[in-house]
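Summary of structural features
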Amino acid sequence: MFKVIVDMLLIGCSLSSPPMVSLPWVPDSTDVRMCVTGPVSMTTKILVDRAFNTINAILPPSFQLVPLYRSTEQVQCPLFLHLSVDHHDIDKPAGKCVRKYGVDIYEFVRPYMSYYYYGCNITVNIHLLNRAASFYNVLLHELLHLIGLDHPNPPMLHALISHTVRRDNNKSIIHDNVYKQLSWYDIMTTHFIIARNFPWLWSKLPYPYVTKRYYYLPVSNMTL
Ligand SMILES: [Zn+2]
């Protein structure tokens, strides 16, 4: 009987939870630090900061993404944001998040292994996405993947996690001319993950489903 109830609960959870990484998210620390590699122009730096801040606004204050840059600082980088200038193969994805998984071995009464999700290394092709809004929208999408969101199927209208790069018949990028905002769906899913993995932080979340701040840039077609 108990087993049946547990199964029903699990089925209920899988039906109601949005698509996301199934393993617990266990970042290295409460700061998710990323180092940026590749050509970092002033514009790129501003956009990366704004993308991180947009994600920070929907996370508990004690759990924030802190961007660090490739520099003279001797910092350890658990995760990387690679800015690629690959001129070849326009079929390659303009942005990607390569996820990292880890394993812990606990030694209680009976040793067992626990698998967890660690975060991802992000690559954004700034040769393809050489307009500010296009770069920003793809980076924000990849950061949602980092937190653990997966693509909803069917896609959710207006959700950043359903954002795709548009191409014309020659496969050339059609650049975005707006900076997209996180939708209620993106925020709800992020809070779902925080509540699942860090229930003690739930009370510290910003008001559910409402972003604290919105970020716009005055010029949308800056070239990186
Ligand atoms: Zn994606």
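Cut-offs applied
Residues numbered from 1 in each chain as written. Predicted model: local features only at pLDDT ≥ 70, side-chain atom pairs only at ≥ 80, totals over all residues. Helix = DSSP H or I, 4+ residues; strand = E, 2+ residues; numbered from the N terminus. Buried ≥ 20, exposed ≤ 12 C-beta atoms within 10 Å, placed from the backbone. Contact = placed C-beta atoms within 7 Å. pLDDT = per-residue confidence, 0-100. Core = buried A, V, L, I, M, F, W, Y, C linked by C-beta atoms within 7 Å. Pairing = 2+ DSSP bridges. Right-handed = clockwise from strand over helix to strand, strands pointing away. Expected span 1.5 Å × (residues − 1). Arc of directions from axis to C-beta.

Focus: the overall build of the protein chain
Assigned secondary structure in the protein chain consists of four helices and seven strands. Of the regular secondary structure in the protein chain, the N- to C-terminal order runs α-β-α-β-β-β-β-α-β-β-α. Sorting the 224 residues of the protein chain into buried and exposed places 29% on the buried side. The long-range share in the protein chain, meaning contacts at least 24 apart out of those at least 6 apart in sequence, stands at 75%.

Quick look at the confidence of the model for the protein chain
On average, residues of the protein chain score 81 in pLDDT, and 78% of them reach the 70 mark or higher. For the protein chain, the element scoring lowest by mean pLDDT is helix 1 (residues 2-16), at 45; helix 3 (residues 132-147) scores highest, at 96. Counting contacts from residues 1-15, a segment whose pLDDT is below 50, to residues more than four positions away or on other chains yields zero contacts. This stretch, residues 210-215, has a pLDDT under 50; its non-local contacts, to residues over four places away or in other chains, come to 11 contacts.

Focus: the nonpolar core
Across soluble globular proteins, nonpolar side chains show a tendency to be buried alongside one another. Ranked by size, the top nonpolar core spans 46 residues in total, and within it Ala-51, Val-124, Phe-135, Tyr-136, Leu-139 and Leu-143 carry the most contacts. If one sorts the elements of this core by residue count, helix 3 sits on top with 11 residues. If sequence neighbours within four positions are ignored, Val-124 has contacts with Leu-83, Ser-84, Ala-94, Gly-95, Leu-129, Phe-135, Val-138, Leu-139 and Glu-142.

Concerning unusual backbone geometry
At the junction of Asn-153 and Pro-154, the peptide bond is cis and its omega measures out at 5 degrees in the coordinates. Structurally, Pro-154 can be placed in the loop between helix 3 and strand 6 (166-167).

Some details on the pairing of strand 1 (residues 31-37)
Along strand 1, the buried face is formed by Val-32, Met-34 and Val-36; none of Asp-31, Arg-33, Cys-35 and Thr-37, which line the opposite face, is buried. Pairing of strand 1 with strand 2 (residues 64-69) involves six bridges; the strand directions are parallel. In the sheet register, Arg-33 faces strand 2, and the bridge partner there is Val-66. Read from strand 1 through helix 2 (residues 42-56) to strand 2, the crossover connection turns out right-handed. Bridging between strand 1 and strand 3 (residues 79-84) involves four bridges; their strand directions are parallel. Directly across from Thr-37, in strand 3, lies its bridge partner His-82.

Some points on the environment of Phe-52
Note on placement: Phe-52 falls in helix 2. The exposure class of Phe-52 is buried, given the 20 C-beta atoms found within 10 Å. For the pair formed by Phe-52 and Pro-67, sequence separation is 15 residues and the distance between their alpha carbons is 6.9 Å. Apart from residues lying up to four places away in sequence, Phe-52 is in contact with Leu-65 and Pro-67.

Regarding helix 4 (residues 184-197)
Here helix 4 is 14 residues long and its end C-alpha atoms lie 20 Å apart, about the 20 Å a rise of 1.5 Å per residue gives. Within the sequence span of helix 4, burial applies to Asp-186, Ile-187, Thr-189, Thr-190, Ile-193 and Ile-194. On an axial view of helix 4, the arc spanned by its buried residues comes to 165 degrees, and they lie on one face. Buried residues belonging to helix 4 abut helix 3.

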